[in-house]
Amino acid sequence: MSHRRRPHAAGPPPPPEEGGGDPSPQSPGKAPRIRPWPERRVLALALAFRAVNALLVRTYFNPDEHWQCLEVAHRVAFGYGHLTWEWKRGLRGYLHPLIFAALYKFLAFLHLDTPWFMVMAPRLLQSVFAAFGDLYLYKLSKLIFNEHVAQWTLFSQLVNWFMFFCITRTLSNSLETVLTVAGLYYWFIAIKSSKGISVISKQQASSYQSPHSRKVALLIAALACAIRPTSAITWLYVGLLDFIYIKSKCRFLFLEVIPLGAIVLAATTFLDWWMYGSRVIVPLNFLKFNLFSSGGDYYGTHVFHWYFTQGFPSMIWTFLPLSVFGVIKSREWRLSGLIAWVLGVYSILGHKEFRLLLSCNVAIQG
């Protein structure tokens, strides 16, 4: 004989959901719903944390932090400063240093161009960029997974030692990482579910879909490549993986990718021509020197497997077992494939550095 239990015998019924939905009892095995964090609060937290981060990090890490950015910016703003040999050979673009040259000019206009402000203001500006990177990583994780994962992703991002050590430095890799995360967020918004391959479901795609999000993603990707041409390694994987599922391929190529890429390339090329005083194509020179002639090997080489066995594990450190467990449990092979792809391509080059994998370090946090 079966016994029927009186409904809501254990207590009053749960309150109705917003929007007038009918209340329904929570299943015994279902976890409680995670309350979402307002994005403004996330940004405020990130801004405060990264500002403290920038003020606390007082160590020396890589010469490019100064000689490929701040020294160049000082020369543009005030007319004097040392240029290394890379600038004389047209291997570096002026887009990144000009951001900080504008900051130096602004400080001089306010009569704040004192040694302390000249040293700390660029770090604080980069901390603002880093905070927006934290915000977009939170939004990307929420888009692909859920609120619970997004909150833990933000926590992992903020307490990761290498991110704390490197992301507020005025390296081009730092800004490239922020742009990559933001670009991936807008790209995944624009993905349409097809044959179950999309990172996000059909319901998520329809709710997040924006007609301009893919163009925004492509524009950000082009800017990331302008900052560092090697960023194309990431976007080549992302673009080709979804290209076969895009219905209007010709429109995608000839009305989105090529025009936006050409506009950014033309703008940055004319900027470099103006600053160099001669015709120079920085991305081409950069690829010739680092890829085709192995010029970076002058600064030292590592074994092929260094990124897999030493470099990347050292960057994520105690997060390594948690990251492996998260990759297996989530089964988001596209994202783990992106990390493996970038590590594999960079491993081909003889010269290897921790900072080159900064964007990978961000990706594994999710």
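All figures in this text were calculated on a predicted structure; none of them were measured in a lab. (Residues numbered from 1 in each chain as written. Predicted model: local features only at pLDDT ≥ 70, side-chain atom pairs only at ≥ 80, totals over all residues. Heavy atoms only, no water.)

Peer 1: Which residues make up the UniProt feature "transmembrane region" (unreviewed entry) in the chain, and what are the values?
Peer 2: According to UniProt, the positions carrying the feature "transmembrane region" (unreviewed entry) are residues 93–110, 149–171, 216–240, 252–276, 304–326 and 333–349. Helix and strand shares over residues 149–171 are 74% and 0% respectively, and the end C-alpha atoms of the span are 29 Å apart. Secondary structure content for residues 333–349 is 94% helix and 0% strand, and the end C-alpha separation is 25 Å. (UniProt positions renumbered as here; feature names shortened; annotations may be inferred. Helix = DSSP H or I, 4+ residues; strand = E, 2+ residues; numbered from the N terminus.)

Peer 1: I'd like a description of the packing of helix 8 (residues 172–190) against helix 10 (residues 213–227), backed by residues and values.
Peer 2: At a minimum axis separation of 8 Å, helix 8 and helix 10 run at an interaxial angle of 160°. One element, helix 8, and the other, helix 10, form an angle in the roughly antiparallel class. Regarding helix 8 and helix 10, the two cross each other, and that crossing is left-handed. Contacts between helix 8 and helix 10 pair Ser172, Leu175, Glu176, Leu179, Thr180, Ala182, Gly183, Tyr186, Trp187, Ile189 and Ala190 from the former with Ser213, Arg214, Val216, Ala217, Leu218, Ile220, Leu223, Ala224 and Ile227 from the latter. (Axes fitted to C-alpha atoms, helices over the stretch in contact; angles between N-to-C directions. Parallel < 35°, antiparallel > 145°, perpendicular 65-115°, else oblique. Left-handed = near helix turned anticlockwise from the far one by under 90°. Contact = heavy atoms within 4.5 Å.)

Peer 1: For a nonpolar patch on the surface, give the residues involved together with the corresponding values.
Peer 2: On the surface, Leu253, Phe254, Leu255, Val257 and Ile258 cluster together to form a nonpolar patch covering roughly 450 Å² of accessible area. With respect to the helices and strands, the residue Val257 is situated in helix 12 (residues 249–276). (Patch = residues over 30% accessible without salt bridge, like charges linked within 9 Å, V, L, I, M, F, W, Y side chains within 5 Å. Areas by Shrake-Rupley, 256 points an atom, 1.4 Å probe, with all protein chains shown as cover. Salt bridge = Lys/Arg side-chain N within 4 Å of Asp/Glu carboxyl O.)

Peer 1: Residue-level account of the packing of helix 11 (residues 232–243) against helix 16 (residues 333–348), with values.
Peer 2: To describe two helices that pack against each other, one gives the angle between their axes and the distance between the axes. Relative to each other, helix 11 and helix 16 sit at 140°, their axes nearing to 9 Å. The angle between the axes of helix 11 and helix 16 places the two elements in the oblique class. Helix 16 is crossed by helix 11, and the crossing has right-handed handedness. For the pair formed by helix 11 and helix 16, the contact residues are Ile233, Thr234, Leu236, Tyr237, Val238, Leu241 and Asp242 on the first element and Trp333, Arg334, Gly337, Leu338, Trp341, Val342, Val345 and Tyr346 on the second. Taken together, the residues of the contact of helix 11 with helix 16 break down into eleven nonpolar, two polar and two charged. (Nonpolar A, V, L, I, M, F, W, Y, C, P; charged D, E, K, R; others polar.)

Peer 1: Summarise the confidence of the model for the chain; cite the residues concerned and give the values.
Peer 2: Model confidence for the chain is summarised by a mean pLDDT of 86, while 85% of its residues fall at 70 or above. Scored below 50 in pLDDT, residues 192–198 shows twelve contacts in the model against residues more than four places distant or in partner chains. (pLDDT = per-residue confidence, 0-100.)

Peer 1: So what about the environment of Val362? Which residues, and what values?
Peer 2: Considering the arrangement of structural elements, one finds Val362 in helix 17 (residues 358–365). Each C-alpha atom, one on Val362 and one on Ser156, is 9.4 Å from the other, the two residues being 206 residues apart in sequence. Contact partners of Val362, with chain neighbours within four places excluded, come to Leu137, Gln157, Met163, Thr177 and Val181.

Peer 1: An account of the pattern of salt bridges is requested, with residue identities and associated values reported.
Peer 2: Working definition: two side chains of opposite charge can pair if their charged atoms are close together. This model, assessed by the stated rule, comprises eleven salt bridges. Its salt-bridge partner being Glu39, residue Lys139 comes within 3.8 Å of it at the nearest N-O pair. Taken as a pair, Lys139 in helix 5 (residues 115–144) and Glu39 in helix 1 (residues 39–56) lie far apart in primary sequence, 100 residues in all. A salt bridge links Arg334 to Asp242; its shortest N-O distance comes to 2.9 Å. On the criterion of sequence distance, the pair formed by Arg334 in helix 16 and Asp242 in helix 11 is long-range, its members being 92 residues apart. Look at Arg334 and you get buried, because its relative accessible area is 13%. A network of salt bridges, in which partner residues are shared, links Asp64, Arg92, Glu353 and Arg355. (Buried < 20%, exposed > 50% of the residue type's maximum accessible area, 1.4 Å probe, protein only.)

Peer 1: Which residues make up the environment of Asn361, and what values go with them?
Peer 2: Following the sequence through the fold, Asn361 ends up in helix 17. What makes Asn361 buried here is its relative accessible area of 0%. Taking the C-alpha atoms as reference points, Asn361 and Phe312, separated by 49 residues in sequence, lie 7.5 Å from one another. Leaving out residues up to four positions away in the same chain, Asn361 has contacts with Asn160, Phe162, Met163, Phe312, Met315 and Ile316.

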